[in-house]
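Architecture at a glance
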Amino acid sequence: MQNNNEISLQNALEDKSYFLNEIATMTQTGGYGCNLITGAIILNFGSRDLLGIPHDYEINIDNVSRFFANKKVFKKLIGDSLKGNSTILDLEMNKFDGERLWVRFNCHPFLQEDRVVGLRGVFTSVDRYIKNTQEVENAALVIKAQNERLVHFAHILSHNLRSHASNLQLTLQTFDDVKEPSDVEVFNSYLNDISFSLNQTLHHLNEVVTINTELKIKENIDIEAIFNRVLLDFEEDIKAVNATVTYDFAELLSIEYVPSFLESVFRNLISNAIKYRDLERPLKIVVKTKSKNKRKLLIIRDNGIGIDLKRHAGKLFHMYRTFHTNDDARGVGLFLVKSKVEALGGDISVKSELGKGSTFSIRFE
Amino acid sequence: MSIKTIHRACIIDDDKLYVSLIKMLINKNELAQELLVFENGKQAFDYFEEALAGNNATALPQVVLLDLNMPIMDGWEFLDALEPYANELKQSSLKLNVVSSTINPEEMNKARNHAIVNDFITKPISKEAMISAFRL
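An account of the accompanying structure is given in this report.

Conventions adopted
Residues numbered from 1 in each chain as written. Chains lettered and ligands numbered in written order. Predicted model: local features only at pLDDT ≥ 70, side-chain atom pairs only at ≥ 80, totals over all residues. Heavy atoms only, no water. Pairing = 2+ DSSP bridges. Helix = DSSP H or I, 4+ residues; strand = E, 2+ residues; numbered from the N terminus. Axes fitted to C-alpha atoms, helices over the stretch in contact; angles between N-to-C directions. Contact = heavy atoms within 4.5 Å.

All names here are of chain A. Taken in spatial order, the five strands of this open sheet run β2-β1-β5-β4-β3, and their pairing is antiparallel. Bordering the open sheet on either side are β2 (41-45) and β3 (87-94), each of which pairs with just one other strand. The sheet shows a mean angle of 30 degrees between the axes of neighbouring strands, direction not considered. Where β3 meets strand β4 (residues 100-112), eight bridges bridge the pair, whose relative direction is antiparallel. Within β4, the position partnered with Thr 87 by the bridge is Cys 107. Across the face of the sheet, helix α4 (residues 71-82) comes into contact with β3, β4 and β5 (115-125) while running at roughly 145 degrees to β3.

Turning our eyes to something else, we now look at unusual backbone geometry. Look at the link from Lys 123 of chain B to Pro 124 of chain B: it is a cis peptide, with omega at 0 degrees. For Pro 124 of chain B, the position within the fold is in the loop between β5 (117-122) and α6 (127-133). In this structure, Gln 28 of chain A takes a positive phi of about 50 degrees despite not being glycine. Tracing the sequence through the fold places Gln 28 of chain A in the loop between α2 (16-26) and β1 (29-35). The phi torsion at Glu 30 of chain B lies on the positive side, around 50 degrees, for a residue other than glycine.

So, about the sheet that holds strand β4 (residues 95-100) of chain B. All names here are of chain B. Strands sit in the order β2-β1-β3-β4-β5 across an open sheet of five strands; the sheet is parallel. Of all the strands in the sheet, just β2 (32-38) and β5 have a single pairing partner and so form its edges. Geometrically, the sheet is characterised by an average inter-axis angle of 20 degrees between neighbouring strands, direction not taken into account. Here four bridges tie strand β1 (residues 6-12) to strand β3 (residues 63-66), and the two strands are oriented parallel to one another. Looking at β3, one finds that Cys 10 is bridged to Val 64.

Pasting the structure below:
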């Protein structure tokens, strides 16, 4: 009895099929074999689990292509195999339910009398690693863009501070010998202007710096309530320019967001729409939310003068870039909007046509 | 050092305060008889192009103070737009100075080495720098 137990233990410890199954499960690996004479495809161990294929679903050479996300890759794989070549590559598969899965896939032809009569191989899920890499790459791109904007911000800020300082110096120099009361008045008005501009620059600096340092507390907020609050502030302007504002937040009523950020997004985009309206026609602003799959969008469209994106696309969201001659164009709004939206993991894009209007789309996280 | 009053000077700058100050300095020191002011590169280019294309070099200023950071068409875009007229500009007595508060050494060098640019002057522009810019 002792002897029999020892033998069965020994067998269990050396059981190849046990280890094969364990390897398949641990590494999320499946195997397959394809009989090119009958067209039948056999899925081994983990394959069905990995791709979520029901046990009664039969696979053959005619329907197997549905499991490959990229048909070109699939065709090349089959072509190479039929020529007798082995393949190993990373490719994207479709699970039975349509979800995508990255796998390391190999395929070896099986030959009889110099003819390829079968194909077989294994595939291992590398989904986690590929997606991690993609996430890291995406994060790096965002950080790179943010970094570029920060460098630009530092340049522009130093430029602006220097402008004020230099105007101050120039004013003192120009008025070094003023005695006439009328000249003193001009001198004072210049000093006032400089002090005002300097204050404004410092205010902008403060606003930008606090985006990234302040605690960003997200709350579940009612988009319509925030929008109406902002709209109230523009009530007079809207009436004065005879603008119509319509909105529809039915697709996405509320969102987890920092309330002051959303308010700032609305405030800047509406203020821009009013500032850059086309005097040829009454201004129309249409605001709506969209929820598609996992994407949550806020869309703000106007029929204003539009932006020449061919010339300005790269610089549109840069600080102190202004593209119009309006006196109140200060080039801070869009920079702030983009910084706030990105600080919460989203992004903003714009479509525009000169003379037709602009559409800003904000993707929340 | 004697200061000779030039006929026509030109400022291309969107900073209104700066422009009024320069105007005062020019008048006070009698540096130019006439002053053209443009708020951005586009306005200035339209004027220059008309003068150059119309072979009317006398309409051109003798001294230009060009800012870099401006809306619509900035200083660099203005210089690019003038590129096709580089030869005509060199033959005329025009002295184009870039005046900017940038401290970016790349921009400063780019300006100094630009074919059409006479010199780069850092803002604030001192009285001495002004006078030397207006010396032909």
